[in-house]
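Spelled out from the first residue to the last, the chains are:
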Amino acid sequence: MARTELVRTLLPPVTDFRPTVCTVDLAAIRHNVRALAPPRAQMMAVVKANGYGHGAEPVGRAALAAGATWLGVALVEEGIRLRDAGIGAPILVLTQFPPGSEGAALGAGLTPTVYTSEGLARLAAAAAGRSIGVHVKIDTGMHRVGLDPARALEFVADATRMGLEIEGLWTHFATSEELGDPFTGLQLERFADVVASLRGAGVRPRYLHAANSAAAMAVPASHFDIVRLGLAIYGLSPAAGLPGADALWPAMRWTSKVAAVRRLPGGERISYGLRYRLDRASTIATVPVGYADGYSRLLSETGEVLIGGRRRRIAGTVTMDQLMVDCGDDPVAEGNDVVLMGRQGDEEITAEELASRIGTATYEVVCQVSERVPRRYEDRDAE
Ligand SMILES: Cc1ncc(COP(=O)(O)O)c(C=O)c1O
């Protein structure tokens, strides 16, 4: 039995009327979580950036129902929102709590990541003697945030002296999407060295973690105690050729309906800048989706959508709220279904395809679908 629920985000009275919608298949999320479950490690579902555009709360719940035990977020605010929604699972904030947020973050029971002495001191002050488990992030080579491995022993000793418990130790890979890149192995070695030196000092964190989706799929030695999976739980592969990628189900489908149709003679030019010229008479369909919805304007030159089970080229510039499609001589009518991302009949436009057309990462394509597009949640009873 199919169950759908329209989640109102921005401008609730307006979005109800709109034919443009992102449908998120929660059964696909559960399937992906089960398909990716590592043999021995726990799974953290990374639901930052509103669950990579899919909706952090529904995705988080689906992932937890399918066996994930942790959620990961980038911001304290994201974690607090999940708590406000009633989610009680452990939530790791993947960056250090910003100054001033410590009280609220600890009050919400969020698990802190720490990697600077200032961050540690602020956290200890906010903890005020309560026993708080922290996860220390080690910079093994990505150089975004994290502690210099050479300072790990001293840092951990400081944390312990301040009454904090070293619950976790983690790192993040810079090149795991490039299969076989030796830098991943080097980062693993540096991480193992830190683990060994801490063990030598009698410190054994309960959770070691390093793997993102690509590493979890391609490098079993990176699994440790928890794998932190983002893109793959949404059914998208971070790189071509990853083992297990074929078993994933994309969870997001982006659709709309034809809002207007006109037959134009050859020679007519279309949209801002009149850059698209018809060689011959053609039927042009207008679709109410634009770059304000997160459909990149860069697709003006290269994009395709599906109507009637066929690929159709975008005719000219994608505008803020609408785009035009060249349907040639095919019969197309107002109200016809349009697929911007997802399957229609035998054809499919994937997030990966959209990303490669505009020279970006699949991550960005799904994160960019704006709040203006309502998310509809589709579920199926447990398979
Ligand atoms: C620290 C950290 N861990 C895990 C992930 C999940 O990565 P992926 O979506 O490639 O699985 C991310 C995402 O960027 C991250 O920043």
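Basis of the calculations
Residues numbered from 1 in each chain as written. Predicted model: local features only at pLDDT ≥ 70, side-chain atom pairs only at ≥ 80, totals over all residues. Heavy atoms only, no water. Buried < 20%, exposed > 50% of the residue type's maximum accessible area, 1.4 Å probe, protein only. Helix = DSSP H or I, 4+ residues; strand = E, 2+ residues; numbered from the N terminus. Pairing = 2+ DSSP bridges. Near = heavy atom within 4 Å. Polar contact = N/O pair within 3.5 Å; in protein donor to acceptor, adjacent residues only side chain to side chain. Nonpolar A, V, L, I, M, F, W, Y, C, P; charged D, E, K, R; others polar. Contact = heavy atoms within 4.5 Å. Lys, Arg positive; Asp, Glu negative; His and termini not counted. Salt bridge = Lys/Arg side-chain N within 4 Å of Asp/Glu carboxyl O. Domains from an automatic or database assignment. Buried area = accessible area lost by both parts, 1.4 Å probe. Arc of directions from axis to C-beta.

Once that is clear, we can look at the pairing of strand β3 (residues 42–46). The buried fraction of β3 is high, at four of five residues. One ladder, built from four bridges, connects β3 with strand β10 (residues 226–229); its direction is parallel. Counted as the bridge partner of M44 is R228 from β10. Judged from the three bridges that link them, β3 and strand β4 (residues 70–73) form a sheet pairing that is parallel. Note on β4: the bridge partner recorded for M44 is W70.

Right, let's get into the site of the ligand. Y52, S213, G230, L231 and Y363 are the nearest of the 14 residues found near the ligand. Contacts to the ligand include K48, whose side-chain N or O atom sits 2.8 Å from an oxygen atom. S213 is positioned with one of its side-chain polar atoms (N or O) 2.5 Å from an oxygen atom of the ligand. If you list the elements that add at least two residues to the shell around the ligand, you get α3 (48–52) and β10. Residue composition of the shell around the ligand, grouped by class: six nonpolar, four polar and four charged.

Along the chain, I226 turns up in strand β10. In this view, I226 contacts A41, Q42, M43, M44, W70, Y207, L208, H209 and A210; residues no more than four positions away in its chain are not counted.

Here the focus is the side chain of K137. Turning to its location among the elements, K137 is positioned in strand β7 (residues 133–137). The charged side chain of K137 is buried without a salt bridge, its nearest counter-charge being D139 at 6.4 Å. In this structure the side chain of K137 is engaged in a polar contact, spanning 3.1 Å, whose partner is the backbone oxygen of V145. In this structure K137 touches T113, V114, Y115, V145, G146, L147, W170, T171 and H172, once residues within four positions along its chain are discounted.

For the structure shown, the criterion picks out 19 salt bridges. A salt bridge links R18 to D293; the nearest nitrogen and oxygen atoms lie 2.8 Å apart. With R18 in the loop between α1 (12–15) and β2 (21–25) and D293 in the loop between β15 (282–287) and β16 (304–307), this pair connects stretches of sequence that are 275 residues apart. As far as burial versus exposure is concerned, R18 and D293 are alike and both buried. The partner of R263 in a salt bridge is D329, and the shortest N-O contact between them spans 2.8 Å.

Domain boundaries in the protein chain define domain 1 (37–234) and domain 2 (252–380). Distance from the C-alpha centre of domain 1 to the C-alpha centre of domain 2: 39 Å. In this complex, domain 1 contributes eight residues to the contact, which on the side of domain 2 involves seven residues. Carbon and sulfur atoms supply 66% of the area that domain 1 and domain 2 bury against each other, a total of about 750 Å² over both sides. At the junction of domain 1 with domain 2, the criterion picks out zero salt bridges.

Count 3.6 residues to each turn of an α-helix, and residues three or four apart come out pointing the same way. What helix α8 (residues 152–161) keeps buried is the set A152, F155, V156, D158 and A159. End-on view of α8: buried residues confined to an arc of 155°, all on one side of the axis. On the buried face of α8, the contacting elements are β6 (111–114), α7 (117–127), β7, β8 (165–170) and α9 (182–200). G163 sits one or two residues past α8 and shows a positive phi near 90°.

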